[in-house]
Amino acid sequence: MDTQASFRYEQLAELIIGMIDNGTLAPGTRLPSVRAVSEQHNISISTALQAYRLLEDRGVLVARPQSGFYVSTPQRGTLALPSTSRARSKASTVSISGAVAMLLDHASNTALVPLGCAVPDAALLQSNRLDAALARAARQHGAQYNVYSAAQGEADLRREIAKRAMRIGHALSPDDILITSGCTEAITLALTSVATRGDTIAIESPTYVGLLHTLEVLGLKAVELPTDPSRGIDIGALAHLLETERVAACVLSSSFNNPLGSTMADADKHELLAVLAQHGVPLIEDDVYGDIYFGRERPKPFIALDGGANTIYCSSFSKSLAPGYRIGWIVAGAWMQQVKDRKLAFSLCSPTLPQVALAAFLASGNYDAHLRSLRRQFQQNLAQMTRTIEASFPAETKVSRPAGGIFLWIELPRRFDSRELFDKALDLGICFAPGDVFSASRRFRNCLRLSAGHSWNDSIEAGVRRLGQLAKTMLAR
Ligand SMILES: Cc1ncc(COP(=O)(O)O)c(C=O)c1O
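Reading the values: rules and limits
- Residues numbered from 1 in each chain as written.
- Predicted model: local features only at pLDDT ≥ 70, side-chain atom pairs only at ≥ 80, totals over all residues.
- Heavy atoms only, no water.
- Phe/Tyr/Trp six-rings, centres within 6.5 Å; stacked < 30°, edge-to-face > 60°.
- Helix = DSSP H or I, 4+ residues; strand = E, 2+ residues; numbered from the N terminus.
- Buried < 20%, exposed > 50% of the residue type's maximum accessible area, 1.4 Å probe, protein only.
- Lys NZ or Arg CZ within 6 Å of the ring centre and 35° of its normal.
- Axes fitted to C-alpha atoms, helices over the stretch in contact; angles between N-to-C directions.
- Parallel < 35°, antiparallel > 145°, perpendicular 65-115°, else oblique.
- Left-handed = near helix turned anticlockwise from the far one by under 90°.
- Contact = heavy atoms within 4.5 Å.
- Nonpolar A, V, L, I, M, F, W, Y, C, P; charged D, E, K, R; others polar.
- Near = heavy atom within 4 Å.
- Polar contact = N/O pair within 3.5 Å; in protein donor to acceptor, adjacent residues only side chain to side chain.
- Areas by Shrake-Rupley, 256 points an atom, 1.4 Å probe, with all protein chains shown as cover.
- Core = buried A, V, L, I, M, F, W, Y, C linked by side-chain atoms within 4.5 Å.
- Domains from an automatic or database assignment.
- Salt bridge = Lys/Arg side-chain N within 4 Å of Asp/Glu carboxyl O.
- Pairing = 2+ DSSP bridges.
- Right-handed = clockwise from strand over helix to strand, strands pointing away.

J.: Residues and numbers for the packing of aromatic side chains, please.
T.: If you walk through the whole model with that rule in mind, you get 9 aromatic pairs. Look at Phe317 and Trp329: their rings are 4.9 Å apart centre to centre, the planes differ by 40°, and that puts the pair in the tilted class. Remark: Trp329 occurs in strand S11 (residues 328–331) and Phe317 occurs in the loop between strand S10 (311–316) and S11; sequence separation between them is 12 residues. Accessibility expressed as a relative area gives 2% for Phe317, which makes it buried. Ring geometry for Phe317 against Tyr367: centres 6.0 Å apart, planes inclined by 70°, an arrangement best described as edge-to-face. One end of the pair, Phe317, is in the loop between S10 and S11; the other, Tyr367, is in helix H14 (residues 367–392), with 50 residues separating them in the sequence. No difference in accessibility class separates Phe317 from Tyr367, as the two residues are buried. Taken together, Phe317, Trp329, Phe361 and Tyr367 form an aromatic cluster joined through their ring pairs. The ring of Phe302 has Lys269 sitting right over it, with the charged end atom 5.3 Å from the ring centre. Taking the ring centre of Phe407 as reference, the NZ or CZ of Arg449 above it sits at 5.5 Å.

J.: Talk me through the environment of Ile179; I want residue IDs and the actual numbers.
T.: Tracing the chain through its elements places Ile179 in strand S4 (residues 177–180). We classify Ile179 as buried; its relative accessible area is 0%. Sequence separation of Ile179 and Arg53 is 126 residues, and the distance between their C-alpha atoms is 50 Å.

J.: Explain the packing of helix H5 (residues 127–145) against helix H13 (residues 352–363) to me, and be specific about the residues and the numbers.
T.: Packing of H5 against H13 leaves a shortest axis separation of 8 Å and a crossing angle of 130°. Relative to H13, the element H5 lies oblique. Between H5 and H13 lies a crossing whose hand is right-handed. Listed contacts from H13 to Arg129, Leu130, Ala133, Leu134, Ala137, Ala138 and Tyr145 of H5 are Thr352, Leu353, Pro354, Val356, Ala357, Leu358, Ala360 and Phe361. Tallied by class, residues from the contact of H5 with H13 come to 13 nonpolar, 1 polar and 1 charged.

J.: Please provide a residue-by-residue account of the site of the ligand, values included.
T.: Taken together, Gly182, Cys183, Thr184, Tyr208, Asn258, Asp286, Val288, Tyr289, Ser316, Ser318, Lys319 and Arg326 form the complete shell of residues around the ligand. In the environment of the ligand, an oxygen atom lies 2.7 Å from a nitrogen or oxygen atom belonging to the side chain of Ser316. Measuring from an oxygen atom of the ligand, one finds a side-chain N or O atom of Arg326 at 2.8 Å. With the chains in place, 92% of the 390 Å² that the ligand exposes on its own is no longer accessible. Class assignment for the residues of the shell around the ligand results in 4 nonpolar, 5 polar and 3 charged.

J.: Any chance you could break down the environment of Val34 for me, citing the residues and the numbers?
T.: Tracing the backbone through its elements, the reader meets Val34 in helix H2 (residues 34–41). Taking relative accessible area as the criterion, Val34 reaches 17% and is therefore assigned buried. Setting aside anything within four residues of it in sequence, one finds Val34 in contact with Ile45, Ala48, Leu49, Tyr52 and Phe69.

J.: With reference to specific residues and values, describe the nonpolar core.
T.: By size, the foremost hydrophobic cluster in this structure holds 86 residues, and its most contacted members are Leu115, Ile201, Ile330, Ile389 and Leu450. The residues that make up this core include at least three from each of domain 2 (97–122 + 369–476) and domain 3 (128–367). Discounting residues that sit within four places of it in the chain, Leu450 has contacts with Leu115, Met385, Ile389, Ile406, Phe407, Leu408, Ile410, Phe432, Val464 and Leu467.

J.: Can you lay out the pattern of salt bridges for me, pointing to particular residues and giving the numbers?
T.: The tally for this structure, following the rule as stated, stands at 18 salt bridges. Of the charged contacts in the structure, one is a salt bridge between Asp199 and Arg246, with a shortest N-O distance of 2.8 Å. Separated by 47 residues along the polypeptide, Asp199 in the loop between helix H7 (182–194) and strand S5 (200–205) and Arg246 in the loop between helix H9 (235–244) and strand S8 (249–253) bring together distant segments of the chain. Of the residues examined, Asp199 reaches a relative accessible area of 13% and is grouped as buried. Connected through salt bridges with shared partners, the residues Arg164, Arg167 and Asp368 form a single ionic network.

J.: Break down the pairing of strand S9 (residues 283–286) for me, citing the residues and quoting the values.
T.: Alternating positions in S9 separate into two faces, Leu283 and Glu285 on one and Ile284 and Asp286 on the other, with burial throughout. As paired strands, S8 and S9 are joined by 4 bridges and run parallel to one another. Bridging from a neighbouring strand, Ser253 pairs with Asp286 of S9. Between S8 and its parallel partner S9, the chain crosses via helix H10 (residues 266–278), and the hand of that crossover is right-handed. Two elements, S9 and S10, share 4 bridges in a ladder whose sense is parallel. Bridge assignment links Glu285 to a residue of S10, and that residue is Tyr313.

Structure representation (structure tokens):
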């Protein structure tokens, strides 16, 4: 449902969805009569009825003759969770660049229904406020910032990030932080600091396609670890790997991994850290989705559990505030000097003005309110998407139930080919991410990832439905 809903019936529908998603209206609850709701909200009976009918069409409410409208009993959770991926024992080189370029090309095409790219719609971000901060900084001190800044980045921005570190449960000083060009550069700096060409890196499976691309370009090999949609990677498999093979580093998501959405429990994170420390293998963690959590508390990143002793932390503002500013950061602990050297060698420093503007925005205190509303929005988007999948995809479909992030991972029976679905969908103007781009060994061809970074609207809903219908037709052949 669109948060900028312009019609009264859309606003009412949105309100009801919010109450269902936050648990106020439980499944099976009878809604107030159309007359009562029209009086409560000071709208006409036909407007109230239009809202109820819209929600009925979307499968959110069911109408019972002579009785009224009820919250539909959960379809949510009726579809099973995707399977845990299987172990792949051999380290392999990665060859994914063609697939990445193809996906990014389509995912950035604004003419397509946007289910392909795991990025929030700019309309949901604080672009106006950031623009104003940028313009102010340029107007007041433009020439002053038209210089090389320190390789480590602007002190004000590092201070703001350090202040926020209390929320992740790990005290940081500005000196612990180096500003990067997005999380992507943070991961590149980390990998080049701890590994050299030909080394093996342990990763989740499925994993973020951009990480695979980075491994390919750096000439690093990948070992894909079995990963469960709710519990994360199989620690036993990691321990076995480390006993049998030299691994230079392990790269994991801190929470809500892309694309599975899994997050490890704190106890498992502790166990994993112990296994890595025992073998002297550093952990590079990617916490780019950490602030997009739907539960009460932000999940703790690994660095908060080992105090940074064996962890390199990477994150950015790309998923929550400003993907176009390309601002991320790295906390590299014992590897900080190597990371600084590489930052200097690769790019000298990051552009100054965007850092100054972002620091001013963070200092204004608006970020937390923004995050709260973004989380609510993404949670609602994913709930809507789940409902639509349940209503339109084949009965054998499995779907993830992430507690944060902005995407769902869908698994269909083995014979299903998401590449074929991808081509058909593009012809219909719909983009999504086919499953095989998330694996070094090009597995998961029967899977797909749908992103929900845009406000829910009729075109997105129709796009998801269409994918479900196509999948049904393909499986029925
Ligand atoms: C897991 C993960 N890490 C990193 C990135 C890239 O982050 P940035 O835009 O900050 O470079 C993405 C973007 O999709 C991602 O999903």
